[in-house]
Amino acid sequence: DAGITQSPRHKVTETGTPVTLRCHQTENHRYMYWYRQDPGHGLRLIHYSYGVKDTDKGEVSDGYSVSRSKTEDFLLTLESATSSQTSVYFCAISGSPRSYEQYFGPGTRLTVT
Amino acid sequence: TQLLEQSPQFLSIQEGENLTVYCNSSSVFSSLQWYRQEPGEGPVLLVTVVTGGEVKKLKRLTFQFGDARKDSSLHITAAQPGDTGLYLCAGGENSNYQLIWGAGTKLIIKP
């Protein structure tokens, strides 16, 4: 299994508060992704990174920001959490996007009350 | 916007039966992948198919990529309770190297 961890695994927060989720990898993969998974929607890409300090927006980036200061860490921040951001968040890594093969972390279940 | 439609959305069958899950699109993909996800875990890559008409087998699971590279199927022979999970297909597009995801098929195999 690829070495990917996510923290926290579960979080409950209140509307309007900032929240940061962390993804840590030990595979030295260049590409990292943040997805959210909601019933009936499958996986939707929030942001992705193609190197240290290189990030770009995905399909559902509004209300989210990311940072990548080291190869191994990719942070996802909800600037002001809303109830619509209640979801399960997954981090994924890839050694080469041309292969399209992504390896996923265990997920973070976030509830915004 | 490219879309991948999976069918059925939900399938519950008895152990020992065969089943097929479909992943369809009107767009052409450079590759297609199948993932399996268990409750509380992230998706796990099962297979990647890249050539039109390609067939890959993984024990009792058979994956096929359509000749036109617009669709794929997953066939499970003699399903077992351990096959229970959410099966996701994802298509790779060359323009930005991102994956387009289907919504998934939730499969339950009853003992």
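Refer to the preceding data block for the structure.
The rules behind the values
Residues numbered from 1 in each chain as written. Chains lettered and ligands numbered in written order. Predicted model: local features only at pLDDT ≥ 70, side-chain atom pairs only at ≥ 80, totals over all residues. Heavy atoms only, no water. Pairing = 2+ DSSP bridges. Helix = DSSP H or I, 4+ residues; strand = E, 2+ residues; numbered from the N terminus. Axes fitted to C-alpha atoms, helices over the stretch in contact; angles between N-to-C directions. Buried < 20%, exposed > 50% of the residue type's maximum accessible area, 1.4 Å probe, protein only. Contact = heavy atoms within 4.5 Å. Polar contact = N/O pair within 3.5 Å; in protein donor to acceptor, adjacent residues only side chain to side chain. Phe/Tyr/Trp six-rings, centres within 6.5 Å; stacked < 30°, edge-to-face > 60°.

### Remarks on the sheet that holds strand 1 (residues 5-7) of chain B
Two modes of strand pairing occur in sheets, parallel and antiparallel, and in both the strands are linked by backbone hydrogen bonds. Residue and element names in this part refer to chain B. Strand order in this open sheet of 5 strands is 1-3-8-7-6, and the pairing throughout is antiparallel. Either end of the sheet is taken by a strand with one partner, and the two such strands are strand 1 and strand 6 (55-58). Each adjacent strand pair in this sheet contributes to an overall mean axis angle of 15°, direction not counted. Bridge count between strand 3 (residues 19-24) and strand 8 (residues 71-76): 6 bridges; the pairing is antiparallel. Its bridge partner being in strand 8, Asn24 is matched across the sheet by Asp71.

### Focus on the pairing of strand 3 of chain B
All names here are of chain B. Side-chain alternation along strand 3 places Leu19, Val21 and Cys23 on a buried face and Thr20, Tyr22 and Asn24 on a face that remains uncovered. As paired elements, strand 1 and strand 3 share 3 bridges and run antiparallel to each other. Residue pairing in the sheet places Glu5 in a bridge with Asn24 of strand 3.

### What about the environment of Tyr64 of chain A?
Residues and elements named next belong to chain A. Within the fold, Tyr64 resides in strand 7 (residues 64-70). For the pair Tyr64 and Pro106, spaced 42 residues apart in sequence, the C-alpha to C-alpha distance is 20 Å. In contact with Tyr64, other than residues within four places in its own chain, are Arg36, Ile46, His47, Leu76, Thr77, Leu78, Glu79, Gln85 and Tyr89. A polar contact of 2.7 Å, which involves the side chain of Tyr64, links it to the side chain of Tyr89.

### Points about the packing of aromatic side chains
For the structure on display, the rule yields 11 aromatic pairs over all chains. Relative to Tyr35 of chain A, the ring of Tyr33 of chain A has its centre 6.3 Å away and its plane inclined at 25°; by these criteria the two rings are stacked. Taking the relative accessible area as the measure of exposure, Tyr33 of chain A reaches 2% and is therefore buried. For the ring pair Tyr48 of chain A and Tyr50 of chain A, a centre distance of 6.3 Å and an interplane angle of 50° mean the geometry is tilted. Judged by relative accessible area, Tyr48 of chain A falls into the buried class, the value being 12%. Note on Tyr50 of chain A: relative accessible area 29%, which makes it partly exposed. Here the aromatic cluster, defined as three or more aromatic residues joined through ring pairs, consists of Tyr33, Tyr35, Tyr48, Tyr50, Phe90 and Phe104 of chain A together with Tyr35 and Trp101 of chain B.

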